[in-house]
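# Structure assessment
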Amino acid sequence: AFCRETGAGKTSIRAFLECIFDVEKVLFCESIEELKKEENSEFLNKMFAVTDDIEKCKRSLADSLKSVITSDTFKYKKLYNDKITLPSYLDLIATSNSKTPVFIGDDNRRTELIIINPSLKGDTAFWDGFYKDTKDPKIAGIWFHYLAHKDLTLDVCGEGCRFDKV
């Protein structure tokens, strides 16, 4: 998620995901390096990893994320234990203040750049209401039901299905 302006709502996806799927299913990483650390037992049973400022990511780390993003398994390592291979359900959502945040080629099918509209920046009434709603289990249930029953008419696995084909 990209927007040059701060306070436009990029990291609000974290609160939205925690509202719908539960805080236990969302991992927040202060930096992208946390996704590649040796001890990663907190990844177990997580559905989403949200990280800020991906533009600070080095090229070698960005290249190594390709396998993390698309792999069906991950090497689970708990402190003082051996690594074991487990199923991975983790999707990565990263925010950036740069329109070219990492080294992504034109043919990279793993990444979508979504531009956040900054029109709600500074709208405290909206954001106060948004964060209040993310604490309401009834509203979370409504969103979950909507997303769970949404009729998918697009082939979301197809390479031609993109937010923006350009």
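Scroll up to find the structure.
What you see is a predicted model, and the numbers here were worked out from it, not measured in a lab.

## Structural notes on the sheet that holds strand β1 (residues 26-29)
- One open sheet accounts for three strands, arranged β1-β2-β5; its pairing is parallel. What marks the edges here is a single partner per strand, and that holds for β1 and β5 (91-94). Taken over all neighbouring pairs, the strand axes of this sheet differ in orientation by 20° on average, direction set aside.
- Note that β1 and strand β2 (residues 48-51) share four bridges and pair parallel. Bridging from a neighbouring strand, F28 pairs with V50 of β2.
- Here helix α1 (residues 12-21) sits on the sheet in contact with β1, β2 and β5, set at roughly 160° to β2.

## With respect to the packing of aromatic side chains
- Inspection of the entire model under this criterion finds eleven aromatic pairs.
- A ring pair is formed by F21 and F144, whose centres lie 6.2 Å apart and whose planes are at 75°; its orientation type is edge-to-face. Here F21, found in helix α1, pairs with F144, found in helix α4 (residues 137-149); they are 123 residues apart in sequence, far enough to count as distant.
- Here F21 falls in the partly exposed class, since its relative accessible area comes to 23%.
- With 5.1 Å between their ring centres and 85° between their planes, F130 and Y131 make a pair best called edge-to-face.
- Through a chain of ring-to-ring contacts, the aromatic side chains of F126, W127, F130 and Y131 assemble into a single cluster.

## A closer look at the packing of α1 against α4
- One way to put it is that α1 packs onto α4 with a least axis distance of 8 Å and a crossing angle of 85°. Here α1 lies roughly perpendicular to α4, going by the angle between them. Facing F16, C19, I20 and F21 of α1, the residues of α4 in contact are A140, W143, F144 and L147.
- Within the contact of α1 with α4, the residues separate by chemical class into eight nonpolar, no polar and no charged.

## What to know about helix α2 (residues 59-70)
- The terminal C-alpha atoms of α2, which comprises twelve residues, lie 18 Å apart, in line with the 16 Å expected from a rise of 1.5 Å per residue.
- All of the buried residues along α2 are L61, A62 and L65. The arc enclosing the buried residues of α2, seen along the axis, measures out at 95°, which places them on a common side.
- Residues of α2 that are buried in the fold lie against β5.

## Points about the side chain of K46
- By the secondary structure assignment, K46 is in the loop between β1 and β2.
- Here K46 occupies a buried position and makes no salt bridge, while the nearest side chain of opposite charge, E24, is found at 4.4 Å.
- Excluding residues within four positions of it along the chain, K46 makes contact with E24, K25, V26, L27, Y89 and L90.

## Section: the nonpolar core
- I32, L35, F43, I54, C57, L90 and V102 are the most contacted members of the largest nonpolar core, which totals 16 residues.
- Put simply, the parts of the chain that give this core at least two residues each are β1, α2 and β3 (73-76).
- Here this core takes three residues from α2, the largest share from any one element.
- V102 has contacts with I54, C57 and A62, leaving out every residue within four places of it along the chain.

## Some points on the pairing of β3
- Of the two faces of β3, the one holding F74 and Y76 is buried and the one holding T73 and K75 is not buried anywhere.
- Bridging between β3 and strand β4 (residues 84-87) involves four bridges; their strand directions are antiparallel. When the bridges of β4 are listed, K75 appears paired with T85.

Each value, and the rule that gives it
Residues numbered from 1 in each chain as written. Predicted model: local features only at pLDDT ≥ 70, side-chain atom pairs only at ≥ 80, totals over all residues. Heavy atoms only, no water. Pairing = 2+ DSSP bridges. Helix = DSSP H or I, 4+ residues; strand = E, 2+ residues; numbered from the N terminus. Axes fitted to C-alpha atoms, helices over the stretch in contact; angles between N-to-C directions. Contact = heavy atoms within 4.5 Å. Phe/Tyr/Trp six-rings, centres within 6.5 Å; stacked < 30°, edge-to-face > 60°. Buried < 20%, exposed > 50% of the residue type's maximum accessible area, 1.4 Å probe, protein only. Parallel < 35°, antiparallel > 145°, perpendicular 65-115°, else oblique. Nonpolar A, V, L, I, M, F, W, Y, C, P; charged D, E, K, R; others polar. Expected span 1.5 Å × (residues − 1). Arc of directions from axis to C-beta. Lys, Arg positive; Asp, Glu negative; His and termini not counted. Salt bridge = Lys/Arg side-chain N within 4 Å of Asp/Glu carboxyl O. Core = buried A, V, L, I, M, F, W, Y, C linked by side-chain atoms within 4.5 Å.

Bear in mind that shape data such as this cannot, by itself, settle questions of function.
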